[in-house]
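Residue-level listing of the chains:
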Amino acid sequence: QVQLVESGGGLVQPGGSLRLSCDASGISLRINTMGWYRQAPGQQRELVAGSSTGGSTNYADSVKGRFTISRDNAKNTVSLQMNSLKPEDTAVYYCNVRTLTRTYWGQGTQVTVSS
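## Here we look at the overall build of the protein
Link 1 in the chain: Within the protein one finds zero helices and 11 strands.
Link 2 in the chain: Mapped from its N terminus to its C terminus, the protein presents α and β elements in the order β-β-β-β-β-β-β-β-β-β-β.
Link 3 in the chain: The C-alpha atoms of the protein give 14 Å as radius of gyration, which agrees with the globular expectation for 115 residues (13 Å, within 12%).
Link 4 in the chain: Projecting the C-alpha coordinates of the protein onto the three principal axes gives extents of approximately 45 × 25 × 25 Å.
Link 5 in the chain: With 115 residues in all, the protein has 37% of them scored as buried.
Link 6 in the chain: Counting 11 positive and 7 negative side-chain charges, the protein places the centres of these two groups 6 Å from one another.

Following this line, the structure appears as structure tokens:
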């Protein structure tokens, strides 16, 4: 059974930091990419950051310089360090894992940036 478990969400003040983590289990095929998406109320789900097995990374323009994605291939985990958080970062964040044939999603973790 495939499971993606996210943790680390919560409430933080503007300018603060949070670290999200995702633990993936039950995936037998090679994982091509791991990453994070987010969806705010009334908005489309968007890619925040992604990481390939070979180490390449990409980020949404809105988070470049503030967020850092990291991956542990041996443990099948991916993390997102979020610094200098802004109110517009408020959203549900979803872990995403892609193999050659399938895409998997976590259930999401809420991040709220507010005074």
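## Regarding the packing of aromatic side chains
Each pair of aromatic rings is reported with the distance of its centres and the angle of its planes.
Link 1 in the chain: Scanning the model with the defined rule gives one aromatic pair in all.
Link 2 in the chain: The aromatic ring of tyrosine 94 is capped on one face by arginine 45, whose charged end is 3.8 Å from the ring centroid.
Link 3 in the chain: One Lys or Arg, arginine 45, reaches over the ring of tryptophan 105 and ends 4.7 Å from the middle of that ring.

## Quick word on the pattern of salt bridges
Link 1 in the chain: Taken as a whole and judged by the stated rule, the model has four salt bridges.
Link 2 in the chain: The salt bridge involving glutamate 46 is made with arginine 38; its shortest N-O contact spans 2.8 Å.
Link 3 in the chain: Accessibility expressed as a relative area gives 33% for glutamate 46, which makes it partly exposed.
Link 4 in the chain: Residue classification places arginine 38 among the buried positions, given a relative accessible area of 6%.
Link 5 in the chain: Between aspartate 89 and arginine 66 there is a salt bridge, with the nearest N and O atoms lying 2.8 Å from each other. Of the two residues, aspartate 89 sits in the loop between strand 8 (77–82) and strand 9 (91–99) while arginine 66 sits in the loop between strand 6 (57–59) and strand 7 (67–72), which places them 23 residues apart along the sequence.
Link 6 in the chain: Classification of aspartate 89 by relative accessible area gives buried; the value is 1%.
Link 7 in the chain: Among the charged side chains, a network of salt bridges with common partners joins Arg38, Glu46, Arg66 and Asp89.

Definitions and cut-offs
Residues numbered from 1 in each chain as written. Predicted model: local features only at pLDDT ≥ 70, side-chain atom pairs only at ≥ 80, totals over all residues. Heavy atoms only, no water. Helix = DSSP H or I, 4+ residues; strand = E, 2+ residues; numbered from the N terminus. Rg over C-alpha atoms; globule rule 2.2 N^0.38 Å. Buried < 20%, exposed > 50% of the residue type's maximum accessible area, 1.4 Å probe, protein only. Lys, Arg positive; Asp, Glu negative; His and termini not counted. Charge placed at Lys NZ, Arg CZ, Asp CG, Glu CD. Phe/Tyr/Trp six-rings, centres within 6.5 Å; stacked < 30°, edge-to-face > 60°. Lys NZ or Arg CZ within 6 Å of the ring centre and 35° of its normal. Salt bridge = Lys/Arg side-chain N within 4 Å of Asp/Glu carboxyl O.

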